[in-house]
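Tertiary structure, described
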Amino acid sequence: MKLQRMNRRAITLGALAVSGALALTACGSDDTGASGNASASSGSTSSIKCDDAKGQLLADGSSAQKNAIDAWVKQFSSACGVQINYKGGGSGAGVTAFTQGTVAFAGSDSALKPEEVTASKAVCTGGQAIDLPMVGGPIAVGYNVPGVDNLVLDAPTIAKIFDSKITNWNDAAIKALNPNATLPDLKIQAFHRSDESGTTDNFTKYLIAATPDNWKYEGGKAWQAKGGQSASGSSGVAAQVKQTSGAISYMELSYAKDGINAASLDTGAAAPVEATVDNATKAIADAKVVGTGSDLALQLNYTTKAEGAYPITLVTYEIVCDKGNKADTLPATKAFLTYIASEDGQALLADAGYAPIPADIISKVRTTIAGLS
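Presented here is an overview of the structure given in this document. Source: prediction; values computed, not measured.

1. Considering the pattern of salt bridges
Scanning all chains against the criterion turns up four salt bridges. In this structure, R193 engages D195 in a salt bridge whose closest nitrogen and oxygen atoms are separated by 2.9 Å. A relative accessible area of 1% places R193 in the buried class.

Structure (structure tokens):
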């Protein structure tokens, strides 16, 4: 995609209904539209430490990271001979499966809630579940406006568009942000997700934080604003934007392609920020660790003005016991998590359209994984 076209060549997140991002996304109803087959040549199996890993692992959770997990599993299984079955049934399904003790680890695009941590103590003998940030992703504001290849939007304008307060592409607010663009007298067709979605959750968290005066809704996985049109899944909204002149929606970055452009954001930084993997990583670097003890839950800074930081992002966590993991699956779980948090593991992410976790945060993740018992 200019920078965006570089990302169009990236392997898509796959059918996310990421999200996710970011996603990602995204939750279980998110889809990841195309195949994500991060090349095996992007990582080396020779650097993977198998230790005592053996047998098989069952896991479930966020579909936003499914293609990243698949790429990692391909490398890890080749090196260690461990079979890993990650269902990708959604964040809610993953957390439920984990607290019921049926999976070795789970993935979630939202940090654990207090009641979920409490429930986890029944399966984490002498310990509790913790959040390990492992995958990031930008959520693009994708649009289809004839003759407009470079569009700048800010949080108030985005909020008014999706709340049916700005209804035409030549609106004065959009003109002010794009003085050199030829904006057509064309009705805005805003699409949102019809299904409950982690992408919606993260997108609206951005609006709530960045422009609370213009976005009065509580947020969450279900869309709450009135008006607009809806479609199911990231693939659904992307298809509508692609075929509808004047359309706009929010989607995982990999969907902003083939006739869909991604808007840059005026965040208050010196220059508008493009929706790219690198810029999402810069935004995640501005996050704060708010988890306690071994928990590394992050609080994203949706109002960041850091240069080049794209604030509409999502982060997917791997969920595991800090203590009391099942003895028969602990070696494989620990070895796999060690690999995906490694430099080689994180290096696979950008090629698959995901944002690697920033160095200072992922180093804390590695230290935490080393201490799992």
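2. Quick look at the pairing of strand β8 (residues 189–193)
β8 sits mainly inside the fold: five of its five residues count as buried. Relative to strand β10 (residues 247–252), β8 runs parallel, the two sharing two bridges. Bridge assignment links Q189 to a residue of β10, and that residue is A247. Note: β8 against strand β9 (residues 229–231), three bridges, orientation parallel.

3. Some thoughts on the packing of helix α2 (residues 66–80) against helix α10 (residues 330–340)
In contact at an axis separation of 10 Å, α2 and α10 are set at 115 degrees when each is read in the N-to-C sense. With respect to α10, the axis of α2 lies roughly perpendicular. Of the two elements, α2 crosses α10, and the hand of that crossing is right-handed. Facing α2, whose interface residues are I69, W72, V73, Q75 and F76, α10 presents A332, A335, F336, Y339 and I340. For the contact of α2 with α10, the per-class residue count stands at nine nonpolar, one polar and no charged.

4. What to know about the nonpolar core
Core analysis: the largest hydrophobic core is formed by 96 residues, its most contacted members being W72, F76, M134, F162 and I248. Ranked by residues supplied to this core, first place goes to strand β6 (residues 129–144) with eight residues. The residues touching F162, leaving out its near neighbours within four places in the chain, are A190, F191, F203, W215, W223, A225, K226, I248, S249 and Y250. In terms of nonpolar packing, the next biggest core, distinct from the first, is built from 11 residues, V95, L112, V117 and A129 among them.

5. Description of empty space enclosed by the protein
Counted as a void, the largest cavity has a volume near 110 Å³. Lining the largest cavity are F98, G101, V103, A104, V123, C321, G324, N325, K326, T329, L330 and T333. Of the residues contributing to the lining of the largest cavity, the split by class is six nonpolar, five polar and one charged. Volume-wise, the second largest cavity comes out at about 30 Å³. Contributing to the lining of the second largest cavity are T200, T204, W215, Y217, G219, G220, A222, W223 and Q224. When grouped by side-chain class, the residues that make up the lining of the second largest cavity number four nonpolar, five polar and no charged.

6. Brief notes about the state of the cysteines
One pass over the full model with this rule turns up two disulfides. C124 shares a disulfide with C321; S-S distance 2.0 Å. In this structure the cystine formed by C124 and C321 twists about its S-S bond by roughly -75 degrees; its chirality is therefore left-handed. Linking C124 in the loop between α4 (114–120) and β6 with C321 in strand β15 (residues 313–321), this pair joins segments that are 197 residues apart in sequence. One exposure class covers both C124 and C321, and it is buried. Within the chain, bonded cysteines paired by disulfides and numbered along the sequence follow the pattern 1-2, 3-4.

7. Quick word on the layout of surface pockets
Take a probe with the size of a water molecule and roll it over the atoms, and the empty space left behind shows itself. Here the second largest pocket is characterised by a volume of approximately 170 Å³. Counting only elements with at least two residues in the lining of the second largest pocket, the list comes to α7 (198–210), β14 (298–299) and β15. Considering only residue class, the lining of the second largest pocket consists of six nonpolar, three polar and two charged.

8. A short note on the environment of S234
Tracing the sequence through the fold places S234 in helix α8 (residues 233–243). C-alpha separation for the pair S234 and T199, spaced 35 residues apart in sequence, amounts to 8.4 Å.

9. Focus: the packing of aromatic side chains
Scanning the entire structure with this criterion turns up 11 aromatic pairs. With 5.3 Å between their ring centres and 75 degrees between their planes, F162 and F203 make a pair best called edge-to-face. Here the residue F162 occupies a position in helix α5 (residues 155–162), and F203 occupies one in helix α7, the gap between them amounting to 41 residues. Per residue, the accessibility class of F162 equals that of F203, and both read buried.

10. Quick notes on the pairing of β10
Of all the six residues making up β10, six are buried; the element is thus mostly covered by neighbouring parts of the structure. For β6 and β10, the ladder comprises six bridges, and the chain directions are antiparallel. Bridge pairing in β10 links A140 to M251.

Cut-offs used in this document
- Residues numbered from 1 in each chain as written.
- Predicted model: local features only at pLDDT ≥ 70, side-chain atom pairs only at ≥ 80, totals over all residues.
- Heavy atoms only, no water.
- Salt bridge = Lys/Arg side-chain N within 4 Å of Asp/Glu carboxyl O.
- Buried < 20%, exposed > 50% of the residue type's maximum accessible area, 1.4 Å probe, protein only.
- Helix = DSSP H or I, 4+ residues; strand = E, 2+ residues; numbered from the N terminus.
- Pairing = 2+ DSSP bridges.
- Axes fitted to C-alpha atoms, helices over the stretch in contact; angles between N-to-C directions.
- Parallel < 35°, antiparallel > 145°, perpendicular 65-115°, else oblique.
- Left-handed = near helix turned anticlockwise from the far one by under 90°.
- Contact = heavy atoms within 4.5 Å.
- Nonpolar A, V, L, I, M, F, W, Y, C, P; charged D, E, K, R; others polar.
- Core = buried A, V, L, I, M, F, W, Y, C linked by side-chain atoms within 4.5 Å.
- 1 Å grid on protein atoms, 1.4 Å probe; cavity = no way out; pocket = protein on both sides within 12 Å on 5 of 7 lines; lining within 4 Å.
- Points joined across faces, edges and corners; volume = space filled by probe spheres on them.
- Disulfide = S-S within 2.5 Å.
- Phe/Tyr/Trp six-rings, centres within 6.5 Å; stacked < 30°, edge-to-face > 60°.

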